[in-house]
Amino acid sequence: MARLAGTSTAVVSYVINNGPRPVAPATRERVLAAIKELGYRPDRVAQAMASRRTDLIGLIIPDARQPFFGEMAHAVEQAASERGKMVLVGNTDYIGEREVHYLRAFLGMRVSGLILVSHALNDLAAAEIEAWDARVVLMHERPEAIDDVAVVTDDLGGAQLAVRHLLEHGNEYVACVGGTAETPAVGDPVSDHVEGWRRAMDEAGIPTEGRLFEAPYNRYDAYRVGLEILSGPNRPPAIFCSTDDQAIGVLRAARELRIDVPGELAVAGFDDIKEAALADPPLTTVASDRSAMARAAVDLVLDDGLRVAGSRRERLKVFPSRLVVRQSCGCA
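Residues numbered from 1 in each chain as written. Predicted model: local features only at pLDDT ≥ 70, side-chain atom pairs only at ≥ 80, totals over all residues. Heavy atoms only, no water.

By the naming in an unreviewed UniProt entry, the protein chain goes by LacI family DNA-binding transcriptional regulator and is assigned to Streptomyces virens.

Asks: Outline the packing of helix α6 (residues 96-108) against helix α7 (residues 123-132), supporting the account with residue identities and numerical values.
Replies: Helices that pack against each other are described as a pair by the angle of their axes relative to one another and the distance between those axes. Look at α6 against α7: their axes get within 9 Å of each other, and the N-to-C directions meet at 10°. Classified by the interaxial angle, the pair formed by α6 and α7 is roughly parallel. Residues Glu99, Val100, Leu103, Arg104, Leu107 and Gly108 of α6 form the contact with α7, whose participating residues are Leu124, Ala125, Glu128, Ile129 and Trp132. When the residues that make up the contact of α6 with α7 are grouped by side-chain class, the tally is 7 nonpolar, 1 polar and 3 charged. (Axes fitted to C-alpha atoms, helices over the stretch in contact; angles between N-to-C directions. Helix = DSSP H or I, 4+ residues; strand = E, 2+ residues; numbered from the N terminus. Parallel < 35°, antiparallel > 145°, perpendicular 65-115°, else oblique. Contact = heavy atoms within 4.5 Å. Nonpolar A, V, L, I, M, F, W, Y, C, P; charged D, E, K, R; others polar.)

Asks: Go over helix α9 (residues 189-203) with me, naming the residues and quoting the values.
Replies: Across its 15 residues, α9 extends 21 Å between first and last C-alpha, which sits within 8% of the 21 Å expected from 1.5 Å per residue. Every buried residue of α9 is listed here: Pro189, Val190, Ser191, Asp192, His193, Val194, Gly196, Trp197, Ala200 and Met201. Where α9 is buried, its residues contact α8 (155-168), β6 (175-177), β7 (212-213) and β8 (238-241). Backbone nitrogen of valine 190 and a side-chain oxygen of the N-cap are separated by 2.9 Å at the start of α9; the cap is aspartate 188. Phi turns positive one or two residues past the end of α9, at glycine 205, with a value near 70°. (Expected span 1.5 Å × (residues − 1). Buried < 20%, exposed > 50% of the residue type's maximum accessible area, 1.4 Å probe, protein only. Polar contact = N/O pair within 3.5 Å; in protein donor to acceptor, adjacent residues only side chain to side chain.)

Asks: With reference to specific residues and values, describe the pattern of salt bridges.
Replies: Applying the stated rule across the entire model yields 15 salt bridges. Between arginine 65 and aspartate 93 there is a salt bridge whose closest N-O contact spans 3.7 Å. With arginine 65 in the loop between β1 (56-61) and α5 (67-82) and aspartate 93 in the loop between β2 (86-91) and α6, the pair connects residues that are 28 residues apart, well separated along the chain. Residue classification places aspartate 93 among the partly exposed positions, given a relative accessible area of 30%. For aspartate 221, the salt bridge goes to arginine 224, with nearest N and O atoms at 2.3 Å. Taken together, the positions of aspartate 221 and arginine 224, both in helix α10 (residues 219-231) and 3 residues apart, correspond to about one turn of that helix. For aspartate 221, a relative accessible area of 23% corresponds to the partly exposed category. With a relative accessible area of 47%, arginine 224 lands in the partly exposed category. (Salt bridge = Lys/Arg side-chain N within 4 Å of Asp/Glu carboxyl O.)

Asks: Describe the sheet that holds β1, listing the residues and the values that go with them.
Replies: One open sheet holds the 6 strands; their spatial order is β2-β1-β3-β4-β5-β11, and the pairing between them is parallel. The sheet terminates laterally at β2 and β11 (316-319), the two strands that pair on one side only. Strand-to-strand twist of the sheet, defined as the mean angle between neighbouring strand axes without regard to direction, takes the value 20°. Pairing of strand β5 (residues 150-153) with β11, which is carried by 4 bridges, proceeds in the parallel orientation. Paired with threonine 153 across the strands is phenylalanine 319, a residue of β11. The strands touched by α5 are β1, β2, β3 (113-116) and β4 (136-139); relative to β1, the strand with the most contacts, the crossing angle is about 170°. (Pairing = 2+ DSSP bridges.)

Asks: Describe the confidence of the model for the protein chain, naming the residues involved and giving the relevant values.
Replies: In the predicted model, the protein chain carries a mean pLDDT of 86, and the fraction of residues at 70 or more is 86%. Low confidence marks residues 45-51, where pLDDT is under 50. Its contacts with residues over four positions away, or in another chain, come to 6 contacts. Below a pLDDT of 50 lies the segment residues 305-313, which in the model reaches 20 contacts outside its immediate sequence neighbourhood of four places, other chains included. (pLDDT = per-residue confidence, 0-100.)

Asks: Could you give an account of empty space enclosed by the protein, naming the residues involved and the relevant values?
Replies: With the rule as written, the count across this model stands at 2 cavities of 30 Å³ or more. For the largest cavity, the calculated volume is near 190 Å³. Together, 19 residues line the largest cavity, and Gln66, Phe69, His140, Thr243 and Asp271 are the ones closest to its centre. Among the secondary structure elements, those contributing two or more residues to the lining of the largest cavity are α5, α9 and α11 (244-256). Across the lining of the largest cavity, the residue classes break down as 8 nonpolar, 6 polar and 5 charged. In this model, the second largest cavity occupies a volume close to 60 Å³. In this structure, the second largest cavity is lined by Phe68, Met72, His140, Thr153, Asp155, Phe270, Asp271, Val286, Ala287, Ser288, Arg290 and Met293. Those elements that provide at least two residues to the lining of the second largest cavity are α5, β10 (285-287) and α12 (290-302). (1 Å grid on protein atoms, 1.4 Å probe; cavity = no way out; pocket = protein on both sides within 12 Å on 5 of 7 lines; lining within 4 Å. Points joined across faces, edges and corners; volume = space filled by probe spheres on them.)

Asks: Please provide a residue-by-residue account of the pairing of β1, values included.
Replies: Burial runs high along β1: 6 of the 6 residues are buried. Burial along β1 is two-sided: the face carrying Leu56, Gly58 and Ile60 and the face carrying Ile57, Leu59 and Ile61 are both buried. Judged from the 6 bridges that link them, β1 and β2 form a sheet pairing that is parallel. Paired with isoleucine 60 across the bridge in β2 is glycine 90. Considered for its hand, the β-α-β crossover made up of β1, α5 and β2 is right-handed. Pairing analysis gives 4 bridges linking β1 to β3, with the strands arranged parallel. Bridging from a neighbouring strand, isoleucine 57 pairs with glycine 113 of β3. (Right-handed = clockwise from strand over helix to strand, strands pointing away.)

Take a look at the structure:
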C-alpha cells in the first residue's frame, strides 16, 4: 500500500489512525486512493493490541428502559460517532454488583474511556476505577466515592424554577414526589430536585412537612403512589415530580380518578423527555441540553487536555436548566 501511494509505511499508519502526526492533504488523498484500490480494511483487534486501547467508549447507565437514560445513551452514541468511536452500553438496574461487573468488563476490553452514570457508586467500584487508572467522566450524577471530572445539570436551580412557577399560579402549596429511601443524599439529581423544591417553598414561607412523597423513578410505581396521594383526604393543589417519568405516572393516576389537570391539579416534572410534549395534558418540565452534555462528556473522556485538575468545583461542568412551559401547570 505504501508503495502504491508513493510514501512510507509510517505515513500510511498516520492516515489510517488519524495521527499521531499530521499528513499533507495531497499525500493523504494518495493513501486513501490506495486503500480504496486495494480494498484494505483495518484490523481493529491488532490495532487495539498494539496501542492497548480500542475505538470503544464504555457507557454505564442505570436503566435504558427509562426514557431519560435511553435519550442520554443515544446522545452519547451520536457524540462518540462524531469522534470515530463506538459505544458499549451496560445497564446496572441500580444494582452495585452489576455496576462493578460492567466496570471490570469494559476496562478489561481496554475502552478508550468510560462515561459513568452511577446512582450510588460503592467503594468496590471506586477501587476498581482507581486500580485500572481508568479515564472516567461522571455524567448526570456525581457520587462522592470518586473525585473525577463530572458533566451535570443545574438540578437544584432547575427544580426551584419549576416550583416557583407552580406557586406563581396561585397554588397554596406544592407537594413533591422525590426518590426512595435508597436515593443518595449527596450528588444525586433527585436529591437536588428535592432540595430545590424545599428552597422554593422556604422562599415563599410555605412549610414542607408532610408534603414530600417517596416513589421510584419510573411511571408505573409513580402511578401507584399518585393514586394514594390523590385519593387521600389532603389532596395537594400542585405536585412537582423529580422526573418526567414520575409525572407521567401521576397524570395517569389523576385521569383515572377524574381529577382535571390543570383545573384541579397542577403538575410539573423534570428532564424534558420527548414524551413529555405528548402527555395528556402536555407536561411542564425542566430541560437541559443533553446533546451538548453528551459531547462534553465524550470530549472530556477522550482528550486529556480538557481534564482539569484542581478543586472539585473546578472539575464540575454544569449545564444550565431552563423551564419548558406547557399546559399541565395551568398555562394556556
